[in-house]
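The lines below spell out each chain.
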Amino acid sequence: MARIVPMFDATSFSSNSVRLAALHAPLSSSAVAPAARFAPSPRAGLCSAPRAIHHAQLFGIKTSRLMRKANCIKASASGNMAQASTTISKEEAFEWVKKDNRRMLHVVYRVGDLERTIKFYTECLGMKLLRKRDIPEEKYTNAFLGYGPEDSHFVVELTYNYGVDQYDIGAGFGHFGIAVEDVAKTVDLIKAKGGKVTREPGPVKGGKTVIAFIEDPDGYKFELLERGPTPEPLCQVMLRVGDLDRSINFHEKAFGMELLRKRDNPEYKYTVAMMGYGPEDKNTVLELTYNYGVTEYDKGNAYAQIAIGTDDVYKTAEAIKLHGGKITREPGPLPGINTKITACLDPDGWKTVFVDNIDFAKELE
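Fair warning: this is a prediction, and the values are worked out from it, not measured in the lab.

### With respect to the overall build of the protein chain
Argument step 1. Along its length, the protein chain carries 12 helices and 16 strands.
Argument step 2. A buried classification covers 51% of the 365 residues belonging to the protein chain.
Argument step 3. The long-range share in the protein chain, meaning contacts at least 24 apart out of those at least 6 apart in sequence, stands at 64%.

Pasting the structure below:
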């Protein structure tokens, strides 16, 4: 089997032929970290707090309020002046995060036969092929599919790397959820097209919602949920986590998501939490699952990341750092294009890319 294109390069947030190549290049001068952009220039013998509060400037916190918290370090005997360091609190960062205009944009994962997957999603799941792009110089192709335009709907971004026909999905990824009006009818269609049904239609255990489970040609699981008409049929992404309370706290504080509901199932030894930016019947949500006693999962190399829109990638990165997230791509515009992004890992190692809302809208034009 051919060598797999590096994980980040092949699937990082994409818009045109220069995007992936740009990720190999060093950051441009306009993409420096916020700390460098707001670096202090202390004057000898004076407290430099007003110029050192880059966090305050980033989040729009009043200087007079933060100066009371500043720790101004006096000059040492050698005459060197240490730079003052003033940061905002987690609570102040959280205030901004909750006000940020965020929306789940798309989910990225790898497939072994792009045309086969497109055919299955359009004919069996009712998705539409929104756009497709081939990047021969980097030996990969992307396809975007969903139930409506990308500027208002959550979509899937499929990645095919030339010559790679199989991936390891791993044990950490769970499934995607799709809301349909008639689960039984959808299952019959999938069977007629040769699809694999792993759980026949019926009420969910301990509830009344009719569901079914199927697998696509690459082995990704989809849960079909019987619901009335909804503006967002692609309604769930389920990931497994090792510490549910830790994960809930991180997604609330760093990502600004709301805990929509939480359900414990002691009989089956698992707990789920639904997180998102709006009610489940109108928005895509992140379903976090904790299996009793399991703290780590093999993530494989198939699933890549979720992309989320934000009004400011710089502030987003600072808030993520304050709440224990790991920044894997410092905020700033991608070299060669103007789209600003930042990428991070949550406490379980799941990757998320935040994308500037205005830049994303321009790309779709």
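The rest of the description comes next.
### Observations regarding the sheet that holds strand β2 (residues 128-135)
Argument step 1. Ordered in space as β2-β3-β4-β1-β13-β16-β15-β14, the eight strands form an open sheet in which the pairing is mixed. A strand with exactly one partner marks an edge of an open sheet, and here the two such strands are β2 and β14 (326-333). Sheet twist, expressed as the mean angle between neighbouring strand axes with direction ignored, is 20°.
Argument step 2. In this sheet, strand β15 (residues 340-345) lies alongside β14 in antiparallel orientation, the contact comprising five bridges. Bridged to Gly332 within β15 is Ile341.
Argument step 3. Sitting on the sheet, helix α11 (residues 313-322) touches β13 (303-310), β14, β15 and β16 (351-356), and the angle it makes with β14 is about 165°.

### Remarks on unusual backbone geometry
Argument step 1. In this model, Lys139 sits at a positive phi of 60°, which is unusual for a non-glycine residue.
Argument step 2. Position of Lys139 among the secondary structure elements: in the loop between β2 and β3 (140-146).

### As for the sheet that holds strand β5 (residues 173-180)
Argument step 1. Overall, mixed pairing links the eight strands, which are arranged β6-β7-β8-β5-β9-β12-β11-β10 in an open sheet. Since the sheet does not close on itself, it has two edges, and those belong to β6 (196-203) and β10 (258-265), each with one partner. On average, each strand axis in the sheet is inclined to that of its neighbour by 20°, with strand direction left out of account.
Argument step 2. Pairing of β5 with strand β8 (residues 221-226) involves five bridges; the strand directions are parallel. Following the sheet pairing, Ala179 is matched in β8 by Leu225.

Rules behind the numbers
- Residues numbered from 1 in each chain as written.
- Predicted model: local features only at pLDDT ≥ 70, side-chain atom pairs only at ≥ 80, totals over all residues.
- Heavy atoms only, no water.
- Helix = DSSP H or I, 4+ residues; strand = E, 2+ residues; numbered from the N terminus.
- Buried < 20%, exposed > 50% of the residue type's maximum accessible area, 1.4 Å probe, protein only.
- Contact = heavy atoms within 4.5 Å.
- Pairing = 2+ DSSP bridges.
- Axes fitted to C-alpha atoms, helices over the stretch in contact; angles between N-to-C directions.

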